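# Structural description and commentary
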Amino acid sequence: MDRNLQLEISNLPKELVTILELIRGEKSLSTGIDMTKWDEFLELSLHHRVYPILFTKLKNLENYPELNTTIQSLTQNYRRNTFIMLHLCGEMEAVAKLFSEEKICPLFLKGPVLAADLYGDISLRTSGDLDILVPFEQLNQAESLLLSQGYEKDEYIESVLDDWKWRHHHFTYFHPTKGVKLEIHWRLNPAPGKEPSFEELWQRKRQSSITSFPVYFLGKEDLFFFLATHGARHGWSRLRWLLDIHQLVEKELNWKFLYHLLEKYQCVQIGGQSLILASNLFHTKLAKEMEQLLKGRRPKRLAQEAIFYLEQMINLHTEPVPRETASYHSRHLYSLMSFQQKCWYWLSVCHPYYTDVETLPLPKKLHFLYYPLRPFLWLWRRSRGHAMP
């Protein structure tokens, strides 16, 4: 690896370093974890969602008898994940058939299709739900179909003046009998970033080989775009997202097209960040074709910032997020943006939030008044110690 791309990772927990060594397939462990620390090792493997891969590495590891209990725990989790992925695979095929019969075009973003494509085995990657991208104009139709099949919508999104269309990017549905959660996306990521249209993504789609009924997912370059922007948005706080990048880079990609794709949507720095992180943590080989994504200081700086999320076990999905972590994450997300994206971000801040409605309820026909009132309502909340936008 180019020394200019080396990151400072000396503060990573020993247990995490051991996880990385095992995933990389190194024959001996350099960290020498104390026997009392294997519980922390297991906790980190579950947090980072890499325990299926670790199970395959550890089950054949010799000369470490203290790992017996850890391997038993990993075995149980591996088997449970295999069952979940098989269950999701069946539901994925059923939903694909249901949507296709009603002329809805579904693109599956993650789940079993991603596991099979990147790892060659659906049991080697975890997934808690199915993420499905549909055209925006078919969103209501898709929802009606899911509700007719017994799914229930999680009405957690509060919206004012239709800001849900760009502040958010998916709705969540849960089937109480099947125990399956679905996320129906109309965008890959929330604003302010721009992204390829559904028509472009559909044109470059691939068909999965793991189901009898045709199931479609993203083309390789579009998949890199999605995985990189998704992982960056979450601070790469789970190793699984970076391992996906490592696995994808091992495949043959059209790097020239990928660069132009990332450049068009102002994400070159994010693509470079993901490659530098993967190179430092998983020893991903950086080929000459990737050089355009690695130019300048910014990709490395962004990659170094992301190490913060790995030096401790950060969960951005569990509220409340510690104030220091939330503040750091807000600054990091802002640093990921291009100049144009930052401009769009500040314009979006001027758009009313639902918190304005909660602060001063007005009849719906007067909601336009939240535009001039927003600065005053924001100051009112700040004066009372609320951190809400």
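Notes on the structure follow. Remember, predicted model here, so these are calculated numbers, not experimental data.

Across the 8 residues of helix α5 (residues 112–119), 7 count as buried, placing the element largely inside the fold. For α5, the set of buried residues is P112, V113, L114, A115, D117, L118 and Y119. Within two residues after α5, G120 carries a phi angle of roughly 75°, on the positive side.

This part covers helix α6 (residues 139–148). Looking at α6, one finds that the buried residues are L139, A142, E143, L145 and L146. Taken down its axis, α6 places every buried residue within 160° of arc, on the same side. Opposite its buried face, α6 presents the exposed residues N140 and S148, each directed more than 90 degrees away. Here the buried face of α6 lies against α4 (68–101), β3 (152–153), α7 (164–167), β4 (170–175) and β5 (180–185). Where α6 terminates, the next one or two residues include G150, which has phi positive at roughly 100°.

Our focus in this paragraph is a nonpolar patch on the surface. On the surface, L161, F368, L369 and Y371 cluster together to form a nonpolar patch covering roughly 360 Å² of accessible area. Relative to the helices and strands, L369 is located in the loop between α17 (354–359) and α18 (370–383). On the basis of relative accessible area, L369 is assigned to the partly exposed category, the value being 31%.

Burial runs high along β5: 5 of the 6 residues are buried. For strand β2 (residues 130–133) and β5, the ladder comprises 4 bridges, and the chain directions are parallel. Note that in β5 the partner of D131 across the bridge is E183. Sheet topology places β4 next to β5; 6 bridges connect them, and they run antiparallel. Paired with F171 across the two strands is I184, which belongs to β5. Remark: 4 residues form the turn of the hairpin made by β4 and β5, two consecutive strands paired antiparallel; G179 in that turn has positive phi of roughly 70°.

Here we take up the environment of E43. Mapping E43 onto the fold places it in helix α2 (residues 38–47). Classification of E43 as partly exposed rests on a relative accessible area of 44%. Each C-alpha atom of the pair E43 and E15 lies 9.5 Å from the other, and the pair is 28 residues apart in sequence.

Under the criterion given, the structure shown has 1 cavity of 30 Å³ or more. By volume, the largest cavity amounts to about 30 Å³. Around the largest cavity, the lining residues are R49, V50, I53, Y119, L124, R125, R240 and L243. Class assignment for the residues of the lining of the largest cavity results in 5 nonpolar, no polar and 3 charged.

Reading the values: the criteria
For every chain, the first residue of its written sequence is number 1, and the numbers climb from 1 along that sequence. In view of the model being predicted, local features appear only for residues whose pLDDT reaches at least 70, and side-chain atom pairs are presented and counted only at 80 or more, with totals across whole chains, interfaces and linings using the full set of residues. Here the side-chain values reflect all heavy atoms present in the structure, with hydrogen atoms and water set aside. Between buried and exposed lies partly exposed: a residue is buried under 20% and exposed over 50% of the maximum accessible area for its type, with that area taken using a 1.4 Å probe on protein chains only. Each helix corresponds to a stretch of at least 4 residues labelled H or I by DSSP, and each strand to a stretch of at least 2 residues labelled E; elements are numbered beginning at the N terminus. What the arc covers is the set of directions going from the helix axis to the C-beta atoms. Whether two residues are in contact is decided by their heavy atoms, any of which lying within 4.5 Å being enough. Here, patches come from residues exposed beyond 30% relative accessible area and free of salt bridges, joined within 9 Å for like charges and within 5 Å for nonpolar side chains (Val, Leu, Ile, Met, Phe, Trp, Tyr). The Shrake-Rupley method, run with a 1.4 Å probe, gives the accessible areas here. Residue values count only the displayed protein chains as cover. Salt bridge, as applied in this entry: a Lys or Arg side-chain nitrogen positioned within 4 Å of an Asp or Glu carboxyl oxygen. Each pair of strands is called paired provided DSSP finds at least two bridges between the two strands. Lining residues are defined by having an atom within 4 Å of a point belonging to a cavity or pocket. Those points lie on a 1 Å grid over the protein atoms alone, cavities being sets where a 1.4 Å probe fits but cannot get out and pockets being open sets with protein on both sides within 12 Å along at least five of seven lines. Grid points are joined across faces, edges and corners, and a volume is the space filled by probe spheres set on the points. Amino acids are sorted into nonpolar (Ala, Val, Leu, Ile, Met, Phe, Trp, Tyr, Cys and Pro), charged (Asp, Glu, Lys and Arg) and polar (every other residue, Gly among them).

Purely spatial values, then, with no claim about function.
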